[in-house]
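Per-entry structural report
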Amino acid sequence: MNIFAQIVKETGDYDGPAVIDSGRTVSYQALLRDVREFAATLSASGVRPGARVGIVAEDSCEYIAASLAVLALEASIVPLSTRASADELHSMPQKVGINVLLRDAAHRGKDDISLPLPGNFRNALWLSVRDPEIRPVELPDGRIPAFIRFSSGTTGGSKGVVLSHHAVLERTSACVGLGVTRGEHVLWVLDMAFHFVVTILLFLRKGAAIVICGRPVESRMRDALRDHPVSLLYATPYHYRLMIHSADFQPDALNGIRLAVSTAMTLDAADAEAFRQKFRRPLSQAYGIIEIGLPCINDSADAASVGRLQPAYEVRIENPDAEGKGDILIRGPGMFDAYLSPFCLRAELCKDGWFRTGDVGYTDAAGRLFIVGRSKNVIIFAGMKIFPYEVEAVLNEHPLVRESRVSGMKTPGFGELPVAEIVAEGELPADWQTEFRKYCFARLAVYKVPKQFTIVPSLPRTASGKIRRS
C-alpha cells in the first residue's frame, strides 16, 4: 500500500481544485504532476525508501506536494512545526535520526541546497543531508512507515509515533463522519505539522479543495470565507472564539457552512453556545488522537460531548468510579504501528487491540463519550478527584473570563488544592476574587472550587495551541 498511489487511483482524471493558496489555485492533475517531478528531484538528491525526511515549512501548496513526494518514494515524513522552539528544531533532527531535512526559505540553514521547483511551486524548498546511512524502521507484515510524528508540546520527551501507509489508509477510510465530498471547499487554519495525517490526506482522497488560510489568521480567515465557497470548517476553539468576538464576522458570514468542527483541544460549552447564538448553527466537536486517528465526531446538540464513536471504533471505560468516570480505552482501524524511542510495537502495548488514551471520561445512555480530563492531570484533594477541565469549563462561562487554567498546588495534609489562573475579559470589579469564588460555589461541589485565583496576561501554550500543563 502507498498513500500517494491511492490518491492517484481515487482522484482518477478529476481536475478540480486541489489547493487554493495565496491567490493561486492548483488543480488535482497539476498537483500530481508536481509531486512526481519533485519526487524525482528528491530521489536524485539521495532520498531512498526507508529514509527519514524532516520537513520544516509553513503551510502551503509546496508543503503538501513535498510531503506527497516523500510518501511516493516510500520514505518517512518527520514533520517539525515552525512553531516549535529553536532548541527543538535544532535537536530533533539528530534525535530522530533524520537523513534529509527539507526547509522553506524562512527556516533554511546556511549550507542548505536549493532544489529545482516543479511548475506550480512558488516557494523554494531547501535540502540538507544530515545522515546518509538509512536505517529503515522495521514493521511487521511488511508495512512501510509513512510518518514519524511527535506529539504536540512534548517533543523533547515524546516517544515518536510511527504510522505506516497501511495505518493511514485505514484511518482515513474509517473517517466517514466528516462527510467530505468531491469539490467541497475546506478552510485550513491548522498546522500541517500536527494535522496532516487524517485530515489533509482524507481531503485529498475525497477530491476536496483545501483553502489554506495563511497568516495572520485573524484577518486571512475572514478573507478566505468571503472569497471562496467554503462549506467545511475544521478548526480549534481559538479560531471559533475569534469568529464569535470579532465584528469582522457577521452572523451571515457562515451561511454557506454545512459543518463546523472544533478539534485539537477541549471545546467549552459556553463557546459552543455563543457560536450557535451568533451564527445560528451548531458547533461540533471532534476527538482526535495521533495514535488512533479521529474516533469521535459530535453530531448532537450537546456540546459537552465529543460525540458518538464513528462506526469502525469501540470504546471501553476502565475502572469507573461511582459516577461512571474512568480511563478511556479505544480500539479500531488505522491505529499506530509503533513508538520510535524506545522502539516498541503496538501489539506489545495494546492488549487485545485496546489503546489507553490517557483521558478520563464516561459514556451516557445514548453512547456519547464525555471527556472530563487527563489521568495525569487529575488533582487529588483530601482523597477526592478534581478534573481541571471540569472547573475550567465553569470558569470560562463567566463573562469576565476569556480563558483559564486550573492546576493542583501541593499542600500538606490535603494533597493538592485547586488553584486557577485567569485571563480576564474586560475590566474586573474591585472584589473580583469574591465574584469568581461565588460563581464557582453556585456551580461546583465545594471541594472543586479553586482556593486561589490569579490574573495572568496569557496562558502558556504548546506549538499546536493547546494550553500547556505541568
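Residues numbered from 1 in each chain as written. Predicted model: local features only at pLDDT ≥ 70, side-chain atom pairs only at ≥ 80, totals over all residues. Heavy atoms only, no water.

1. Remarks on the overall build of the protein
For the record, the criterion: Helix and strand definitions follow DSSP, with helices as H or I runs of at least four residues and strands as E runs of at least two, each counted in order from the N terminus. A radius of gyration in this sense is built from C-alpha atoms; the matching globule rule multiplies 2.2 Å by the number of residues raised to 0.38. Exposure categories follow from relative accessible area, calculated using a 1.4 Å probe and restricted to protein chains: below 20% of the type maximum is buried, above 50% is exposed, and the middle band is partly exposed.
Each helix and strand in the protein was counted, giving 12 helices and 27 strands. Taken over the C-alpha trace, the protein has a radius of gyration of 23 Å; the compact-globule value for 470 residues is 23 Å, and the two agree within 12%. Seen along its three principal axes, the alpha-carbon backbone of the protein occupies a region of about 65 × 50 × 45 Å. Here the protein, with 470 residues, has 56% of them falling under the buried criterion.

2. Looking at the pairing of strand β18 (residues 326–331)
The side chains of a regular strand alternate, residue by residue, between the two faces of the sheet. Rule in force here: A strand pair is defined by DSSP finding two or more bridges across the two strands.
Bridging between strand β17 (residues 314–318) and β18 involves 5 bridges; their strand directions are antiparallel. If you follow Glu318 over to β18, its bridge partner there is Asp327. Judged from the 4 bridges that link them, β18 and strand β21 (residues 355–363) form a sheet pairing that is antiparallel. Residue Asp327 lies in a different strand from β21, and its bridge partner there is Val360.

3. Some remarks on the nonpolar core
Just so we agree on the cut-off: Think of a nonpolar core as a cluster: buried Ala, Val, Leu, Ile, Met, Phe, Trp, Tyr and Cys residues, connected wherever their side-chain atoms sit within 4.5 Å.
One finds Phe147 and Leu178 to be the most contacted residues of the largest nonpolar core, which totals 113 residues. The element that contributes the greatest number of residues to this core is helix α6 (residues 192–206), accounting for 10 residues. Of all hydrophobic cores here, the second largest spans 19 residues; its members include Leu400, Val401, Trp432 and Val449.

4. Structural notes on unusual backbone geometry
Each neighbour pair has its own omega, and for Arg215 with Pro216 the value is -5 degrees, a cis peptide bond. Looking at the secondary structure, you find Pro216 in the loop between β11 (209–212) and α7 (217–227). For the bond running from Ser341 to Pro342, omega is -5 degrees, close enough to zero to count as cis. Mapped onto the secondary structure, Pro342 falls in the loop between β19 (338–339) and β20 (344–345). Even without being a glycine, Asp141 presents a positive backbone phi close to 60 degrees. Structurally, Asp141 is set in the loop between β7 (125–129) and β8 (145–149). Looking at Asp141, the relative accessible area reads 76%, which means it is exposed. Despite not being glycine, Asn319 shows a phi value in the positive range, around 55 degrees. Position of Asn319 relative to the elements: it lies in the loop between β17 and β18.

5. Observations regarding the layout of surface pockets
Operational definition: Space inside and on the surface of the protein is sampled on a 1 Å grid over the protein atoms alone, with a cavity defined as a set of points where a 1.4 Å probe fits but cannot get out and a pocket as an open set with protein on both sides within 12 Å along at least 5 of 7 lines; lining residues have an atom within 4 Å of a point. Grid points are joined across faces, edges and corners, and a volume is the space filled by probe spheres set on the points. Polarity classes work like this: nonpolar for Ala, Val, Leu, Ile, Met, Phe, Trp, Tyr, Cys and Pro, charged for Asp, Glu, Lys and Arg, and polar for all others, with Gly in that last group.
Looking at the second largest pocket, its volume works out to about 600 Å³. Lining the second largest pocket are 30 residues, with Arg83, Val189, Arg215, Val217 and His239 positioned closest to its centre. Within the residue set of the lining of the second largest pocket, elements represented by two or more residues are α6, α7 and α8 (237–245). Ranked by the residues each element gives to the lining of the second largest pocket, the list is headed by α7, at 3 residues. A class-by-class count of the residues in the lining of the second largest pocket yields 12 nonpolar, 9 polar and 9 charged.

6. Details of the environment of Ile330
Defined as follows: We call two residues contacting when some pair of their heavy atoms lies within 4.5 Å.
As for its placement among the helices and strands, Ile330 is situated in strand β18. With residues near it in sequence (within four places) discarded, Ile330 still touches Tyr287, Ile292, Pro295, Tyr313, Glu314, Val315, Met335, Gly353, Trp354, Phe355 and Thr357.

7. A closer look at the side chain of Thr236
Selection criterion: Any pair of N or O atoms that falls within 3.5 Å is considered a polar contact. Within protein, one atom must be able to donate a hydrogen and the other to accept it, and sequence-neighbouring residues count only if both atoms are side-chain atoms.
Structurally, Thr236 can be placed in the loop between β12 (230–235) and α8. Under the relative-accessibility criterion, Thr236 is labelled buried at 5%. Of the polar contacts made by the side chain of Thr236, one reaches the side chain of His239; its length is 2.9 Å.

8. Digging into the pattern of salt bridges
Note the following rule: By definition, a salt bridge exists where a carboxyl oxygen of Asp or Glu is found within 4 Å of a side-chain nitrogen of Lys or Arg.
Counted according to the given criterion, the structure contains 25 salt bridges. Asp131 is the salt-bridge partner of Arg135, the closest N and O atoms lying 2.7 Å from each other. The exposure class of Arg135 is partly exposed, given its relative accessible area of 40%. The network of salt bridges with common partners includes Arg222, Asp223, Arg226, Asp227 and Asp248.

9. Considering the confidence of the model for the protein
Regions with low pLDDT carry predicted coordinates that are not meant to be interpreted in detail. Worth spelling out the cut-off: Confidence of the predictor at the level of single residues is captured by pLDDT, which takes values from 0 to 100.
When pLDDT is averaged across the protein, the result is 90; 96% of the residues are at 70 or more. Model confidence for the protein, summarised as mean pLDDT per element, is weakest for strand β24 (residues 384–386) at 76 and strongest for β11 at 98. In this model, residues 152–156 is a region of pLDDT below 50 whose contacts with residues beyond four sequence positions or in other chains number 12 contacts.

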